[in-house]
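# Descriptive structure summary
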Amino acid sequence: QVQLVESGGGLVQPGGSLGLSCAASPNIFSRNTMNWYRQAPGKERELVASITSGVYINYADSVKGRFTISRDVAKNTVYLQMSSLKPEDTAVYYCNVKVGPMNYWGNGTLVTVSS
């Protein structure tokens, strides 16, 4: 019943910008905290940014000042706008939501930052 679909990944040069989207199930979008995670090869998955139904936002220190999370209730979509990208930002980015005791994940979208 809960579905998350990411899009917008791709190849970008260092210093460039890229926007990610996550289309979520209407029944969970407006009343749950939405999260962006990322996982680089050989590394642990890390929380990048979160936005609550009350529009409270927090970011990982590694992306603070460069990434912006937002949500569009009408479109049931959460966004991650990324700027001043670095090679260390290269990872698969996942949309996530916790509903009761369960965690739900999208399939991920790959972001590669390279010249």
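Preceding this paragraph is the structure being described.
Right, let's walk through the structure included here. These numbers come from a predicted model, not from an experiment. (Residues numbered from 1 in each chain as written. Predicted model: local features only at pLDDT ≥ 70, side-chain atom pairs only at ≥ 80, totals over all residues. Heavy atoms only, no water.)

Turning to the packing of aromatic side chains, a few remarks are in order. What the rule picks out here adds up to two aromatic pairs. Ring centres of tyrosine 94 and tryptophan 105 lie 6.5 Å apart, and the angle between their planes is 90 degrees; on these two criteria the pair is classed as edge-to-face. With tyrosine 94 in strand β9 (residues 91–99) and tryptophan 105 in strand β10 (residues 102–105), this pair connects stretches of sequence that are eleven residues apart. Exposure remark for tryptophan 105: the relative accessible area of 30% places this residue in the partly exposed category. Through a chain of ring-to-ring contacts, three or more aromatic side chains come together here, namely Tyr37, Tyr94 and Trp105. One residue, arginine 45, lies across the ring of tyrosine 37, its end atom 5.9 Å from the ring centre. Note that arginine 45 overlies the ring of tryptophan 105, its terminal NZ or CZ placed 3.7 Å from the centroid. (Phe/Tyr/Trp six-rings, centres within 6.5 Å; stacked < 30°, edge-to-face > 60°. Helix = DSSP H or I, 4+ residues; strand = E, 2+ residues; numbered from the N terminus. Buried < 20%, exposed > 50% of the residue type's maximum accessible area, 1.4 Å probe, protein only. Lys NZ or Arg CZ within 6 Å of the ring centre and 35° of its normal.)

On to the side chain of glutamate 6, then. With respect to the element layout, glutamate 6 can be found in strand β1 (residues 4–7). Although buried, glutamate 6 forms no salt bridge, and the nearest oppositely charged side chain, arginine 45, lies 9.0 Å from it. In this structure the side chain of glutamate 6 is engaged in a polar contact, spanning 2.7 Å, whose partner is the backbone nitrogen of cysteine 95. Of the polar contacts made by the side chain of glutamate 6, one reaches the backbone nitrogen of asparagine 107; its length is 3.0 Å. (Lys, Arg positive; Asp, Glu negative; His and termini not counted. Salt bridge = Lys/Arg side-chain N within 4 Å of Asp/Glu carboxyl O. Polar contact = N/O pair within 3.5 Å; in protein donor to acceptor, adjacent residues only side chain to side chain.)

None of this, on its own, says anything about what the molecule does.
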